[in-house]
Amino acid sequence: MPELPSAAAPAIASSPRPTPDARPRASRVAAASLVGTTIEYYDFAVYGTASALVLGPAFFPSGNATVSSLAAFLTFAAAFLARPLGVALFGTIGDRLGRRRALVASLLLMGVATVGVGLLPTYETAGLLAPVLLVTLRLLQGVSMGGEWGGAVLLAAEHAPPGRRALYASIPNVGPSLGFLLSSAVILPTLNIAGRDGFTDWAWRIPFLLSTLLVVIGLWVRTTVSESPLFTPATEASAQVPEPTSRFPLGTLLTRHPGRLLLGIGTALGGSAVYYLTIVYSLSYGPKELGIPQNTMLTAASVGAAAGIAVTLPAARLADRIGRRPVMLTGAVGCVLWAVPMYASLSSGDAWVITGAYTVGLVLLALMFSPAAAFLTELFPARLRYTGASAAFILANTLGGGFAPLVATWLNSHWDSPLVLGFYTGGLCLLSLLCLLALPETRDHEFDA
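Residues numbered from 1 in each chain as written. Predicted model: local features only at pLDDT ≥ 70, side-chain atom pairs only at ≥ 80, totals over all residues. Heavy atoms only, no water.

Enquirer: Is there a simple way to explain the overall build of the chain in this structure?
Expert: The helix and strand tally for the chain stands at 19 helices and zero strands. Counting all 449 residues of the chain, 62% fall into the buried class. Across the chain, contacts joining residues at least 24 apart in sequence account for 86% of those joining residues at least 6 apart. Looking at the chain as shown, the accessible area adds up to about 16,000 Å², and 70% of this sits on carbon and sulfur atoms. (Helix = DSSP H or I, 4+ residues; strand = E, 2+ residues; numbered from the N terminus. Buried < 20%, exposed > 50% of the residue type's maximum accessible area, 1.4 Å probe, protein only. Contact = heavy atoms within 4.5 Å. Areas by Shrake-Rupley, 256 points an atom, 1.4 Å probe, with all protein chains shown as cover.)

This is the structure:
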């Protein structure tokens, strides 16, 4: 196992660490990072929900509902395939030119792509051009997401006061669940007011178009925060790059830290599957295959997401006190054991049972993911930190989350039972547990090393 970054890291490592006096500034940065991740994941969640409800027949009409759903979920997966390109692009910008520049650019790209989806003509109007444009915009969304998570948690973590790195890094990590809740808060009233037919015909565009206002707010917030204290023009100018490959952080990461990167990916793999099967796939699977009302599924996922948010910051604070691994291991073991009962609850069709099962599952997921924001950034040296954390999390999201709806659709076409969802996610969570056991504790690692 490679050792954690040491004093041999590039000269950027010698930058001063944040002090307790910098706490107000650190809080503003964390809040700004949270605003950005919430908006980005709102955009992504809106698309995921629309994929489950509308986009299949609107852009990929077929006499077979399963084929239409598969086509819509393929466009959902396409964005994940584009995420590694975003890691390479924004990781290079973030590690060489600054964290804040990368985050502003990623948010702007996501906003343009999301609003574009809301303006697209459907297949009925534009024919084959409609799905082509949809896939193109999805790819742009994916590129944007490739640079968002790592940059947001890194900017917050590098501003954090001593002893509170996991707490501050976990604040933007609330963004995915908060973005989903925000999307549900827009989609549910729109669906109820316009009705299912009205939502399918035209009202599905409203959540996409509302992204314009959110992106403007997000851009204003992000341009007002300071650059990381571990990345300033002075340290950039003084940093001595030991090898030519350091000009391309992703290449350096792959050649110097492949084992650590693979284990980091594995650590986040299972949780990614749980998250996307819960907030994307089950919203389609429950109503179409099991006859569960759409509002029941949205409500269950929303309550579970809210419970996960409530646990995130306390779990991160605990990780600052006792270490990242104990908290993450507790969540991973819980996800392995609870995966089958959670998705088995769908067979009951009972709203209270499903909501309770989802709530427990997403709380356990929060235990596993909350400290991961700090844990993954602490695995890599400063000059590779943006690229390393982004690559580990985004590739895990791609493999474990992006393809989860496709895999689940295929599994349920062969075994008509929600239990297969539990066995699938439980297996991936077990893999995450094993990878986590193979990695060292990072709580006491000096972040400026």
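Enquirer: Could you clarify how one ought to interpret the environment of S33 in this entry?
Expert: Inspection of the secondary structure puts S33 in helix α1 (residues 23-59). Taking the C-alpha atoms as reference, S33 lies 6.8 Å from A156; in sequence the two are 123 residues apart. Once residues within four sequence positions are removed from consideration, S33 is found in contact with E148, A152, L155, A156, P172 and R222.

Enquirer: Can you walk me through helix α14 (residues 324-344) in this structure?
Expert: Residues spaced three or four apart along an α-helix point in a common direction, a consequence of the helix completing one turn every 3.6 residues. In a regular helix each residue adds 1.5 Å, so 21 residues correspond to 30 Å; α14 covers 30 Å between its end C-alpha atoms and thus fits that length. The largest bend in α14 is about 50°, located at W338, with the proline P341 one to four residues further on. Taken residue by residue, α14 has R324, R325, V327, M328, L329, G331, A332, G334, C335, A339, M342 and Y343 as its buried positions. Packed against the buried residues of α14 are α6 (165-173), α12 (258-290), α13 (294-322), α15 (351-369), α16 (372-378) and α19 (419-438). (Expected span 1.5 Å × (residues − 1). Bend = angle between axes of the 7 residues up to and from the residue.)

Enquirer: Sorry, what's going on with empty space enclosed by the protein here?
Expert: If a probe as big as a water molecule is rolled over the atoms, it shows which places are left empty. All told, the structure shown has four cavities of 30 Å³ or more when counted by the stated rule. A volume near 250 Å³ is recorded for the largest cavity. Forming the walls of the largest cavity are 20 residues, and the residues nearest its centre are N173, P176, S177, Y275 and F369. If you list the elements that add at least two residues to the lining of the largest cavity, you get α7 (175-203), α12, α13, α15 and α17 (385-402). Looking at which element gives the most residues to the lining of the largest cavity, the answer is α13, with five residues. Among the residues forming the lining of the largest cavity, the class breakdown is twelve nonpolar, eight polar and no charged. As a volume, the second largest cavity reaches approximately 60 Å³. Around the second largest cavity sit eleven residues that line it, and Y41, F44, A45, Y276 and I279 are the ones nearest its centre. Considering only residue class, the lining of the second largest cavity consists of ten nonpolar, one polar and no charged. (1 Å grid on protein atoms, 1.4 Å probe; cavity = no way out; pocket = protein on both sides within 12 Å on 5 of 7 lines; lining within 4 Å. Points joined across faces, edges and corners; volume = space filled by probe spheres on them. Nonpolar A, V, L, I, M, F, W, Y, C, P; charged D, E, K, R; others polar.)

Enquirer: How should I be thinking about the nonpolar core in this particular structure?
Expert: Side chains of a nonpolar character, in soluble globular proteins, are inclined to be buried together. Among the nonpolar cores identified, the biggest contains 82 residues, and W149, F180, Y343, L346, Y358 and F393 are the most heavily contacted of them. Ranked by the residues each element gives to this core, the list is headed by α12, at 15 residues. Leave out the neighbours within four places in its chain, and F180 touches A45, Y275, I279, L283, A301, S302 and A305. L55, A58, A130 and F208 belong to the second largest nonpolar core, which has 28 residues in total. (Core = buried A, V, L, I, M, F, W, Y, C linked by side-chain atoms within 4.5 Å.)

Enquirer: In this structure, what is going on with the packing of helix α5 (residues 129-159) against α6? I would like to understand it.
Expert: When two helices pack together, their arrangement is given by the angle between the helix axes and by the axis-to-axis distance. α6 packs onto α5 with a crossing angle of 145° between their chain directions and a minimal axis gap of 8 Å. With respect to the hand of their crossing, α5 and α6 are arranged in right-handed fashion. Along the contact surface, α5 presents W149, A152, V153, A156 and A157, while α6 presents R165, Y168, A169, P172 and N173. (Axes fitted to C-alpha atoms, helices over the stretch in contact; angles between N-to-C directions. Left-handed = near helix turned anticlockwise from the far one by under 90°.)

Enquirer: Sorry if this is basic, but what is going on with a nonpolar patch on the surface here?
Expert: Residues L129, V132 and L133 make up a contiguous nonpolar surface patch of roughly 240 Å² in combined accessible area. Structurally, L133 is set in helix α5. Under the relative-accessibility criterion, L133 is labelled partly exposed at 30%. (Patch = residues over 30% accessible without salt bridge, like charges linked within 9 Å, V, L, I, M, F, W, Y side chains within 5 Å. Salt bridge = Lys/Arg side-chain N within 4 Å of Asp/Glu carboxyl O.)

Enquirer: In this structure, what is going on with the environment of P61? I would like to understand it.
Expert: Note on placement: P61 falls in the loop between α1 and α2 (65-96). Separated by 61 residues in the primary sequence, P61 and T122 place their C-alpha atoms 9.9 Å from one another.

Enquirer: I tried to follow the packing of α12 against α13 on my own but got confused; where do I start?
Expert: As a packed pair, α12 and α13 sit with axes 9 Å apart at the nearest point and diverge in direction by 160°. On the basis of their axis angle, the class for α12 and α13 is roughly antiparallel. Judged by the twist between their axes, the crossing of α12 over α13 is right-handed. Of α13, the residues touching α12 (which contributes T278, S282, L283, G286 and P287) are Q294, M297, L298 and A301. Grouping the amino acids of the contact of α12 with α13 by side-chain chemistry returns five nonpolar, four polar and no charged. (Parallel < 35°, antiparallel > 145°, perpendicular 65-115°, else oblique.)

Enquirer: Whenever I open this one, the confidence of the model for the chain confuses me. Can you help?
Expert: It should be kept in mind that the predicted coordinates are not to be read in detail where pLDDT is low. Per-residue pLDDT for the chain has a mean of 83; in total, 87% of the residues score no lower than 70. Confidence scores differ between elements of the chain, with helix α10 (residues 233-238) showing the lowest mean pLDDT of 43 and α14 the highest of 96. Of the regions scoring below 50 in pLDDT, residues 1-21 engages in 56 contacts with residues more than four places distant in sequence or in other chains. Every residue in residues 233-245 scores below 50 in pLDDT, and together they form 17 contacts with partners more than four places removed in sequence or on other chains. (pLDDT = per-residue confidence, 0-100.)

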